[in-house]
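# Residue-level structure breakdown
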Amino acid sequence: MLVDKRGVIAGMALNGIVKKGEREEAEKRLAELDDEKFKTIFRLLYKVNEKIDLFTKYDVDELFECRILSVDERYRGKGLANILMADSVKTAKSAGFKVCKADATGLYSQKVCLKQGFRVEAEIPYAELDESIRPAPPHEALKLMVKLID
C-alpha cells in the first residue's frame, strides 16, 4: 500500500498464492453464490485461466498472483502502479516463487505489467463478450500475464 503524507491511501496491490487445483475447486463453489454479476466476472477470470495450464508449463505447484492493483484517481499518472507492481514482484522473488501472474483486466494494468517484464499467456477480447459486461474503451481484452522470476 502507498500512503501520502496525510495518511491517505494513494494505491494498493493485493497479492496472493494460487495452488495447483484451487481454481477448479473455486469454480465448483461459484455455483452456490447468488450474486450474478460476481459470478459473471469470476467465470470470465476462470475462462482465461483455463486457456493455459501455467502449473504444467512452468513446472510449479504454486504461483504468486497479483490479484488487485489499484491507484486512487487523484494519484494516477505518477507511476505509483509501477512501484506497487515492482514491489509485488520483489515480494514474490524474496518468497522464492518462480512465476508471478496477473489477470490484467484493463489497458492501464496491462501496460504496467508489460513495463515490469510480464508477457501475455492468454487473452479474451472484450468484443467477444455480451455488451452488458463489456468494459468501455480503451480496454480491449482480459489478459493473463506472467513474469518469470529469476
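In the nomenclature of an unreviewed UniProt entry, the protein chain corresponds to aralkylamine N-acetyltransferase from the organism Ooceraea biroi. As its UniProt record puts it under Pathway (unreviewed entry), the protein chain is described as follows: "Aromatic compound metabolism; melatonin biosynthesis; melatonin from serotonin: step 1/2." Taken verbatim from the UniProt record of the protein chain, the Sequence similarities (unreviewed entry) comment is "Belongs to the acetyltransferase family. AANAT subfamily."

## Some details on the overall build of the protein chain
Scanning the protein chain from terminus to terminus reveals five helices and six strands. Against the 2.2 N^0.38 benchmark of 15 Å for 150 residues, the protein chain shows a C-alpha radius of gyration of 16 Å, consistent with a compact globule. Reported as C-alpha extents along the three principal axes, the dimensions of the protein chain are approximately 45 × 40 × 25 Å. Expressed as a percentage of the 150 residues in the protein chain, the buried residues total 38%. Counting only contacts in the protein chain whose residues sit at least 6 apart along the sequence, the fraction spanning at least 24 positions is 74%.

## Quick word on the pattern of salt bridges
The full count for this structure, using the stated rule, is 13 salt bridges. Here Lys39 makes a salt bridge to Glu36, at a shortest N to O gap of 3.3 Å. Of the two residues, Lys39 and Glu36 both sit in helix H2 (residues 36-50), three residues apart, roughly one turn of that helix. The exposure class assigned to Lys39 is buried, which follows from its relative accessible area of 7%. For Glu36, a relative accessible area of 47% corresponds to the partly exposed category. A salt bridge links Arg67 to Glu65, with the nearest nitrogen and oxygen atoms 2.8 Å apart. Take Arg67: its relative accessible area is 43%, and that puts it in the partly exposed class. For Glu65, a relative accessible area of 11% translates into the label buried.

## Some words on the packing of helix H4 (residues 80-94) against helix H5 (residues 107-115)
Packing of H4 against H5 brings their axes to within 10 Å, and their N-to-C directions diverge by 55 degrees. With respect to H5, the axis of H4 lies oblique. In this structure, the crossing between H4 and H5 has a hand that is right-handed. Facing H4, whose interface residues are Ala81, Asn82 and Met85, H5 presents Val112, Cys113 and Lys115.

## Let's talk about the side chain of Lys101
Of note, Lys101 is situated in strand E4 (residues 99-104). Looking at Lys101, the relative accessible area reads 3%, which means it is buried. Within the structure, the side chain of Lys101 is placed 3.2 Å from the side chain of Asn49, a separation counted as a polar contact. Apart from residues no more than four positions distant in its own chain, Lys101 is found in contact with Asn49, Leu54, Leu63, Phe64, Glu65, Cys66, Phe118, Leu144, Met145 and Val146.

## Observations concerning the packing of aromatic side chains
All chains considered together, the criterion is met by three aromatic pairs. Judged by centre distance (4.5 Å) and plane angle (35 degrees), the ring pair of Phe38 and Phe42 falls under tilted. Here Phe38 and its partner Phe42 are both found in helix H2, four residues apart, which amounts to about one turn of the helix. Taking 5.9 Å as the distance between ring centres and 55 degrees as the angle between the ring planes, the aromatic pair formed by Phe42 and Tyr46 counts as tilted. A residue pair is termed a helical-turn pair when its members lie 3 or 4 positions apart in one helix, as Phe42 and Tyr46 do in helix H2 at four residues. Taking the relative accessible area as the measure of exposure, Phe42 reaches 28% and is therefore partly exposed. Classification of Tyr46 by relative accessible area gives buried; the value is 13%. Taken together, Phe38, Phe42 and Tyr46 form an aromatic cluster joined through their ring pairs.

Quick notes on the rules
Residues numbered from 1 in each chain as written. Predicted model: local features only at pLDDT ≥ 70, side-chain atom pairs only at ≥ 80, totals over all residues. Heavy atoms only, no water. UniProt positions renumbered as here; feature names shortened; annotations may be inferred. Helix = DSSP H or I, 4+ residues; strand = E, 2+ residues; numbered from the N terminus. Rg over C-alpha atoms; globule rule 2.2 N^0.38 Å. Buried < 20%, exposed > 50% of the residue type's maximum accessible area, 1.4 Å probe, protein only. Contact = heavy atoms within 4.5 Å. Salt bridge = Lys/Arg side-chain N within 4 Å of Asp/Glu carboxyl O. Axes fitted to C-alpha atoms, helices over the stretch in contact; angles between N-to-C directions. Parallel < 35°, antiparallel > 145°, perpendicular 65-115°, else oblique. Left-handed = near helix turned anticlockwise from the far one by under 90°. Polar contact = N/O pair within 3.5 Å; in protein donor to acceptor, adjacent residues only side chain to side chain. Phe/Tyr/Trp six-rings, centres within 6.5 Å; stacked < 30°, edge-to-face > 60°.

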